[in-house]
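The chain contents come next:
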Amino acid sequence: MRHRPHLASGLAVFAVVGLLATGCSSSGTPAPKAESTEAPVRADADLVIWTSQEHAAMLKPFAASFGEENGISVEVQPISGELRATYVTATNSGKGPDILMTASDAIGNLVQNDAIDPLNLSADQLAAYQGVAVNAMTYNEQVYGVPYAIDNVALFRNTDFVPAVPATMEELVTTGQQLVDAGSVENVLSLPVGQNGDSYHLQPLFTGAGGYLFGTNADGTYNPDDLGLESPESIAAMTTIQGLANQGVLSTSIDADNSISLFAEGKTPFMVSGGWAIEALKEAGVNYEITAVPGFGGGTAKPFVGVQGLYISSKATNKSFAQEFVTNFIGSDVDTSLAFSAASGRPSAVTEAFVQQSATDADIKGLGDAGVLGQPSPTFPAMAVVWDPLSKAEAAIIGGADPASTLAAAAATIRQQIADAN
Amino acid sequence: MMTIIEERAESVDTARPASRPPRPRTGNGGLGVLVRYLMLAVILAVAIQAVSVTVANEQWWATAIVVAATLAVVATYATRKFVPLKYLIPGILLMLMFQIYPVFYTFYTAFTNASDGHTISKEESIEAITVNGPIVEEPDADRYALTVAVADGADPAVAPFVYLMVGADGAALLGDEEGVSPLDAPDVTVEGGKVTAADGYSVLSGVQINDRSGEFDAFSVPLQGDKAVKKIGLSEAFAGAVQYRYDAETDTIIDSTSGTVYIADNASWVPEGGGATLAPGWKQFVGFDNFTKVLTNDTVRNSFVGILLWNIAFAGLSVLTTFALGLLLALVLNRKMIGQRATRSLLLLPYALPGFITALVWASMYNKDFGLINNLTGLDVNWLGDVWWAKVALLVTNLWLGFPYMFLICTGALQSMPANLTEAAIVDGASPWRVFRSITLPLLMTSIAPMLVASFAFNFNNFTLIFLLTEGGPFPADNPSAGATDLLISYTYRLAFGGAGSQFGFAAAISIFIFIIVAILSISSFRRAIALEEVNS
């Protein structure tokens with residue numbers, strides 16, 4: 001009987017190691033059951049494209065017609081969950097696709113992990129795209145992807161409550177507050193903050209109040225060494241934002257889960273959101289108009305502009321066809337781009353196509369015009385360490401923390417993590 | 001639990017055929033043998049398929065492991081020499097695959113710098129930067145419209161490729177292994193800016209190129225110096241040169257446009273005199289660096305003790321509350337009553353729903369302004385925004401998720417408990433509380449204590465719940481890396497994966513530390529559980 005504890009401790013060790021090693025999933029224990037985390041594997045086709053669930057359906061007809069034209073089989077594989085991390089892992093173990101489709105802020109990380117190839121687009125082709133789209137696809141002075149659609153937040157306004165576009169944020173707050181006081185709405189503005197912040201959605205307010213995240217070089221590219229969080233301008237901007245929170249305009253109770261429904265149900269006259277909200281709003285039948293987010297006073301609100309693009313895997317088994325599809329088939333052709341971005345419901349990255357879209361679709365025009373004022377989402381890998389501390393600092397300030405010291409702590413964390421990563 | 005295993009082992013011992021005449025076995029009939037050999041054939045077929053793949057990829061270790069495992073399986077099931085192994089080998093193989101291998105891999109990773117930017121070998125890194133790296137296009141150079149062909153009459157499956165190109169001036173050019181020359185064919189058809197037919201050449205179709213895609217990707221037309229005509233896809237080509245060149249003698253990479261020399265240093269290509277490194281770097285062994293980094297990390301040092309205490313409290317309280325509620329309900333429903341079965345089924349509902357959906361629903365119910373809880377009760381509690389309320393919210397949610405399991409195992413244990421003991425106690429005049437304290441609970445603990453330990457170990461690393469409900473928050477304004485409801489596992493996840501990309505080596509080192517903590521806690525509680533068992537027996 002004496003050997004029992006040893007056997008038991010041996011089993012305990014195995015059990016524990018198992019818990020750690022398998023990412024803390026376990027059977028027979030009282031807890032949420034872990035999802036199946038089986039890694040996706042490249043489909044069996046000549047040319048394979050990976051994208052998110054959301055974008056797969058729109059890409060399929062284009063892939064099919066390309067396959068028909070060239071007599072090869074093309075498969076669009078939707079990847080659920082963490083598309084980028086899955087893609088990097090699969091690519092490095094030789095099971096990845098030929099083409100990846102995702103937003104531009106992934107580029108730095110993908111290049112760092114040798115997962116995508118640089119492209120050589122002709123000068124004509126580059127000139128056909130909107131400037132912000134080419135900037136977003138560029139990393140270390142190299143173009144890495146073919147842009148096709150532009151994504152950014154803008155101001156959604158319920159036209160039943162507010163017929164006129166507010167010129168400044170102050171005007172927006174006054175108008176909204178009157179509606180709240182009159183009892184027609186519950187909140188002035190629906191902007192997702194959540195307990196842990198959302199720096200992507202807050203960026204137009206932060207820049208519109210004069211703050212800046214990274215300084216820019218003379219050529220308009222970001223300077224990762226110039227972190228602007230502790231600058232007096234940024235502190236002043238966050239103080240202004242805290243003022244809005246004190247008036248009840250911003251709140252940590254509004255988050256990604258409820259922000260769109262608040263606006264769709266007519267509980268707020270204003271919302272800061274992007275193209276992904278349109279479908280829900282049309283379903284709800286609310287009357288709205290999309291315009292740029294106004295700045296405070298005379299300031300300009302600059303939302304982050306993310307650009308959706310197609311990239312060629314550095315381990316593609318069929319590079320030539322991948323290049324043909326990305327640079328020549330999708331490329332910068334106006335008609336293809338129109339069909340492509342119409343399917344995605346976003347402004348096209350091709351200037352001419354965007355002009356044509358704007359003439360017929362007010363939503364896309366509004367989003368696109370707001371994006372013109374924006375700045376590309378930084379692509380350098382250091383940006384990855386910024387989102388989380390910045391979002392949390394913003395949530396803390398909206399919750400009442402001192403702007404100067406909170407921003408200083410966030411900046412210190414960001415610097416520390418950049419140093420750790422190198 | 002242990003007793004059962006041991007009794008079984010003993011019964012196997014006494015039934016060993018050596019001391020008895022061999023018994024007739026089931027499965028020895030014609031059909032049984034056939035099924036057995038069919039299964040073995042399937043296993044062999046799968047193994048051969050696997051070996052052919054691993055050999056093709058030159059993965060010798062994997063090959064050796066597959067061969068060894070297959071031999072073990074065949075030797076066990078094709079002969080009668082290893083009867084006990086027949087029962088154990090599937091479990092052993094699965095344990096090696098899913099428990100032991102990941103453990104070794106975690107230890108191995110802890111001693112490397114594996115992280116974003118350091119995931120590939122040095123050779124792959126050189127290749128990525130030089131051959132597959134940026135190509136500098138000639139300034140103002142022409143783009144060519146490209147047609148891919150082979151010499152007429154040659155086999156399109158093996159013949160060397162030639163490029164039939166049309167420049168901006170409309171002149172047709174020929175590119176082959178020799179270089180670029182004017183296309184000197186009597187009859188060249190150019191349609192839509194592309195050569196569509198030329199005497200002496202047969203144009204390849206997409207399918208024909210696709211059949212030779214690897215070969216085609218590697219083909220380019222050489223020009224003077226480092227330059228070459230490269231294709232973009234199937235219909236465009238341009239002249240350019242690779243930007244970076246590797247010098248094996250000095251182990252440096254040279255930028256041919258700016259002349260900058262990059263030195264191999266600390267698994268990265270660092271420019272002489274410092275500056276931004278050239279991506280990607282490579283993976284290498286770093287000894288105990290990751291472990292020292294854990295121990296000297298400022299944020300780890302400042303927050304570790306607080307998080308560890310909360311972690312123990314969270315796991316302990318989760319087990320305690322779920323067990324208490326589960327046991328109470330099991331006791332109540334152990335008596336025959338109307339609707340017993342229906343109530344039992346209803347109580348299992350939270351367990352039957354996917355946990356992550358439940359957690360997200362609870363997260364929205366806790367919302368301060370729009371959440372169900374505050375709206376129904378008229379409270380104004382900032383559930384997820386207040387340090388203490390967030391902890392309460394977590395425990396309540398975990399109680400909801402966890403009590404059905406405890407209810408289930410307690411019900412099972414109660415039903416298998418002999419009724420005569422409790423009846424005897426009642427006859428002796430013991431109060432219901434006394435019966436519960438002195439008879440039911442001790443008997444129950446014998447079978448349930450190990451489950452409680454397992455539940456503790458699970459909740460100690462209950463990443464999913466934390467991540468879905470609070471993400472570790474609320475966070476103090478001055479420290480975005482350690483939240484009030486962070487467990488060690490969610491905290492280290494943020495350190496290793498949350499910010500600066502994925503730092504696999506660092507994460508592996510931390511998980512070894514967590515492993516040591518959980519192992520110590522679990523071993524000591526298992527000992528107590530076993531002591532309890534021995535007292536009872």
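In this text the structure is predicted, and so the values were computed from the model without any measurement.

### Some words on the overall build of chain B
Consideration 1: Scanning chain B from terminus to terminus reveals 19 helices and 15 strands.
Consideration 2: Against the 2.2 N^0.38 benchmark of 24 Å for 537 residues, chain B shows a C-alpha radius of gyration of 35 Å, more extended than a compact globule.
Consideration 3: Taking the principal axes of its C-alpha atoms as reference, chain B extends roughly 115 × 75 × 50 Å.
Consideration 4: Taking all 537 residues of chain B together, the buried fraction comes to 42%.
Consideration 5: Within chain B, counting contacts between residues at least 6 apart in sequence, those at least 24 apart form 61% of the total.
Consideration 6: Only carbon and sulfur atoms are counted for the fraction: they give 64% of the accessible area of chain B, which is about 28,300 Å².
Consideration 7: For chain B, the distance from the average position of its 31 positive side-chain charges to the average position of its 46 negative side-chain charges is 24 Å.

### Some details on the overall build of chain A
Consideration 1: On a plain count of helices and strands, chain A comes out with 17 helices and 14 strands.
Consideration 2: Taking 22 Å as the expected radius of gyration for a compact globule of 422 residues, we find that chain A reaches 24 Å, a close match to that expectation.
Consideration 3: Each principal axis of the C-alpha atoms in chain A carries an extent, and together these give about 70 × 70 × 45 Å.
Consideration 4: Taken over 422 residues, chain A has a buried fraction of 59%.

### Overview of the sheet that holds strand E12 (residues 288-291) of chain A
Strands in a sheet are paired, the pairing made by backbone hydrogen bonds, and the direction either parallel or antiparallel.
Residue and element names in this part refer to chain A.
Consideration 1: A sheet is described by the order of its strands in space; here four strands give the open sequence E8-E11-E7-E12, paired in mixed fashion. Looking at the sheet topology across the chains shown, the edges are occupied by strand E8 (189-190) and E12.
Consideration 2: Bridging between strand E7 (residues 154-158) and E12 involves four bridges; their strand directions are antiparallel. Looking at the pairing, Phe 156 lines up with Ile 290 of E12.

### Concerning the confidence of the model for chain B
Residues and elements named next belong to chain B.
Consideration 1: Residue-level pLDDT values for chain B average 82, and 93% of them are 70 or greater.
Consideration 2: Mean pLDDT per element in chain B: helix H1 (residues 2-14) is the minimum at 40, and helix H14 (residues 387-415) is the maximum at 92.
Consideration 3: Low pLDDT, under 50, characterises residues 1-24; the predicted model gives this stretch 12 contacts beyond four residues in sequence or across chains.
Consideration 4: Interface scoring of the predicted complex returns ipTM 0.72; its pTM is 0.77.

### Here's the deal with helix H5 (residues 122-129) of chain B
Residues and elements named next belong to chain B.
Consideration 1: Here H5 has its buried residues at Ser 125, Ile 126, Ala 128 and Ile 129. With its buried residues spanning 160° around the axis, H5 presents them on a single face.
Consideration 2: If you follow the buried residues of H5, they end up packed against strand E12 (244-247), strand E13 (252-255) and strand E15 (268-271).

### Focus on unusual backbone geometry
Among all residues save glycine, negative phi is the norm, and among peptide bonds the norm is trans.
Residue and element names in this part refer to chain A.
Consideration 1: The phi dihedral of Asp 114 falls on the positive side, at around 50°, and the residue is not glycine.
Consideration 2: Turning to its location among the elements, Asp 114 is positioned in the loop between helix H4 (107-112) and helix H5 (123-128).
Consideration 3: The backbone phi angle of Asn 140 is positive, close to 50°, even though this residue is not glycine.
Consideration 4: Mapped onto the elements of the fold, Asn 140 is located in the loop between strand E4 (138-139) and strand E5 (142-143).
Consideration 5: The exposed category is assigned to Asn 140, whose relative accessible area is 56%.

### Thoughts on the domain arrangement of chain B
Consideration 1: Along its sequence, chain B is organised into domain 1 (34-110), domain 2 (133-263) and domain 3 (295-536).
Consideration 2: Between the C-alpha centres of domain 1 of chain B and domain 2 of chain B there is a distance of 48 Å.

### Examining a nonpolar patch on the surface
Residues and elements named next belong to chain B.
Consideration 1: On the surface, a cluster of nonpolar side chains totalling about 530 Å² of accessible area is made up of Leu 31, Leu 34, Val 35, Leu 38 and Met 39.
Consideration 2: Looking at where Val 35 falls in the secondary structure, it is placed in helix H2 (residues 30-56).
Consideration 3: With a relative accessible area of 43%, Val 35 lands in the partly exposed category.

### Digging into the confidence of the model for chain A
Detail in the predicted coordinates should be disregarded across regions flagged by low pLDDT.
Consideration 1: Counting all residues, the mean pLDDT for chain A is 83, and 90% of those residues have values of 70 or more.
Consideration 2: For the stretch residues 1-37 of chain A, pLDDT sits under 50, and the model shows 70 contacts to residues farther than four places along the chain or on other chains.

### Let's talk about the packing of aromatic side chains
All names here are of chain B.
Consideration 1: Counted by the stated rule, this structure contains 32 aromatic pairs over all chains.
Consideration 2: Taken together, a centroid distance of 5.2 Å and an interplanar angle of 45° make the contact between Phe 111 and Phe 291 tilted. Placement of Phe 111 in the loop between helix H4 (83-110) and H5 and of Phe 291 in helix H8 (residues 289-296) is noted, with a sequence separation of 180 residues between them.
Consideration 3: With a centroid separation of 6.1 Å and an interplanar angle of 50°, the aromatic rings of Tyr 351 and Tyr 405 are classed as tilted. Residue Tyr 351 is found in helix H11 (residues 349-352), and its partner Tyr 405 is found in helix H14; the two are separated by 54 residues along the sequence.
Consideration 4: Taken together, the ring pairs connect Trp 362, Tyr 366, Trp 383, Trp 389, Trp 400 and Phe 403 into an aromatic cluster.

### Section: the pattern of salt bridges
Consideration 1: Summed over all chains, the structure comprises 15 salt bridges over all chains.
Consideration 2: Among the salt bridges present, the one from Lys 267 of chain A reaches Glu 265 of chain A, with a minimum N-O distance of 3.1 Å.
Consideration 3: In this structure, the salt-bridge partner of Lys 365 of chain A is Asp 369 of chain A, at a minimum N-O distance of 2.8 Å. Note that Lys 365 of chain A and Asp 369 of chain A are positioned in helix H15 (residues 362-372) at a spacing of four residues, about one turn of the helix.
Consideration 4: In this structure Lys 365 of chain A comes out as partly exposed when scored by relative accessible area, which is 37%.
Consideration 5: The class for Asp 369 of chain A is partly exposed, based on a relative accessible area of 34%.
Consideration 6: Linked through salt bridges whose partners overlap, the residues forming this network are Lys 368, Asp 369 and Asp 380 of chain B.

### Some remarks on the packing of helix H2 (residues 53-70) of chain A against helix H13 (residues 334-344) of chain A
Residues and elements named next belong to chain A.
Consideration 1: Following both chains from N to C, one finds H2 and H13 inclined at 155°, their axes separated by 8 Å at the closest point. For the element pair H2 / H13, the angle class is roughly antiparallel. For the pair H2 and H13, the crossing hand works out as right-handed. Together, Met 58, Leu 59 and Phe 62 of H2 and Thr 336, Ala 339, Phe 340, Ala 343 and Ser 344 of H13 make up the contact between the two elements.
Consideration 2: Of the residues belonging to the contact of H2 with H13, the class tally is six nonpolar, two polar and no charged.

### Looking at the sheet that holds strand E14 (residues 261-265) of chain B
Residues and elements named next belong to chain B.
Consideration 1: Strand order across the open sheet formed by four strands is E12-E13-E14-E15, with antiparallel pairing between neighbours. Because the sheet does not close on itself, it has two edges, and the strands there are E12 and E15. The mean inter-strand angle of the sheet, taken between neighbouring strand axes irrespective of direction, is 30°.
Consideration 2: Pairing of E13 with E14 involves three bridges; the strand directions are antiparallel. Counted as the bridge partner of Ile 254 is Val 261 from E14.
Consideration 3: Sheet strands touched by H5: E12, E13, E14 and E15. Its angle to E15, the strand with the most contacts, is close to 50°.

### Considering the packing of helix H9 (residues 298-332) of chain B against helix H16 (residues 432-460) of chain B
Between two packed helices, both the angle of their axes relative to each other and the distance between the axes serve to describe the pair.
All names here are of chain B.
Consideration 1: Relative to each other, H9 and H16 sit at 140°, their axes nearing to 10 Å. Judged by the angle between their axes, H9 and H16 are oblique. The crossing of H9 and H16 is right-handed. Along its contact with H9, which presents Leu 308, Asn 311, Ile 312, Phe 314, Ala 315, Gly 316, Ser 318, Val 319, Phe 323, Leu 327 and Leu 331, the element H16 presents Phe 436, Thr 440, Leu 441, Leu 444, Met 445, Ile 448, Leu 452, Ser 455, Phe 456, Asn 459 and Phe 460.
Consideration 2: When its residues are assigned to classes, the contact of H9 with H16 shows 16 nonpolar, six polar and no charged.

### Quick notes on the side chain of Thr 322 of chain B
Residues and elements named next belong to chain B.
Consideration 1: Tracing the chain through its elements places Thr 322 in helix H9.
Consideration 2: For Thr 322, a relative accessible area of 3% gives the class buried.
Consideration 3: Here Ser 318 takes part through its backbone oxygen, which lies 2.7 Å from a polar atom of the side chain of Thr 322.
Consideration 4: A polar contact is formed between the side chain of Thr 322 and the backbone oxygen of Val 319, at a distance of 3.1 Å.
Consideration 5: In contact with Thr 322, other than residues within four places in its own chain, are Asn 398, Leu 399, Gly 402, Phe 403 and Met 406.

### Considering the pairing of strand E11 (residues 236-242) of chain B
Residue and element names in this part refer to chain B.
Consideration 1: A large share of E11 lies buried, amounting to six of its seven residues.
Consideration 2: Summarising the sheet, strand E2 (residues 143-151) and E11 pair through three bridges and their orientation is antiparallel. Its bridge partner being in E11, Tyr 144 is matched across the sheet by Ala 237.
Consideration 3: In the sheet, strand E10 (residues 228-232) pairs with E11 via five bridges, with the strands oriented antiparallel. Across the sheet, Ile 232 pairs through a bridge with Glu 236, a residue of E11.
Consideration 4: Remark: three residues form the turn of the hairpin made by E10 and E11, two consecutive strands paired antiparallel; Gly 233 in that turn has positive phi of roughly 65°.

The rules we used
Residues numbered from 1 in each chain as written. Chains lettered and ligands numbered in written order. Predicted model: local features only at pLDDT ≥ 70, side-chain atom pairs only at ≥ 80, totals over all residues. Heavy atoms only, no water. Helix = DSSP H or I, 4+ residues; strand = E, 2+ residues; numbered from the N terminus. Rg over C-alpha atoms; globule rule 2.2 N^0.38 Å. Buried < 20%, exposed > 50% of the residue type's maximum accessible area, 1.4 Å probe, protein only. Contact = heavy atoms within 4.5 Å. Areas by Shrake-Rupley, 256 points an atom, 1.4 Å probe, with all protein chains shown as cover. Lys, Arg positive; Asp, Glu negative; His and termini not counted. Charge placed at Lys NZ, Arg CZ, Asp CG, Glu CD. Pairing = 2+ DSSP bridges. pLDDT = per-residue confidence, 0-100. Arc of directions from axis to C-beta. Domains from an automatic or database assignment. Patch = residues over 30% accessible without salt bridge, like charges linked within 9 Å, V, L, I, M, F, W, Y side chains within 5 Å. Salt bridge = Lys/Arg side-chain N within 4 Å of Asp/Glu carboxyl O. Phe/Tyr/Trp six-rings, centres within 6.5 Å; stacked < 30°, edge-to-face > 60°. Axes fitted to C-alpha atoms, helices over the stretch in contact; angles between N-to-C directions. Parallel < 35°, antiparallel > 145°, perpendicular 65-115°, else oblique. Left-handed = near helix turned anticlockwise from the far one by under 90°. Nonpolar A, V, L, I, M, F, W, Y, C, P; charged D, E, K, R; others polar. Polar contact = N/O pair within 3.5 Å; in protein donor to acceptor, adjacent residues only side chain to side chain.

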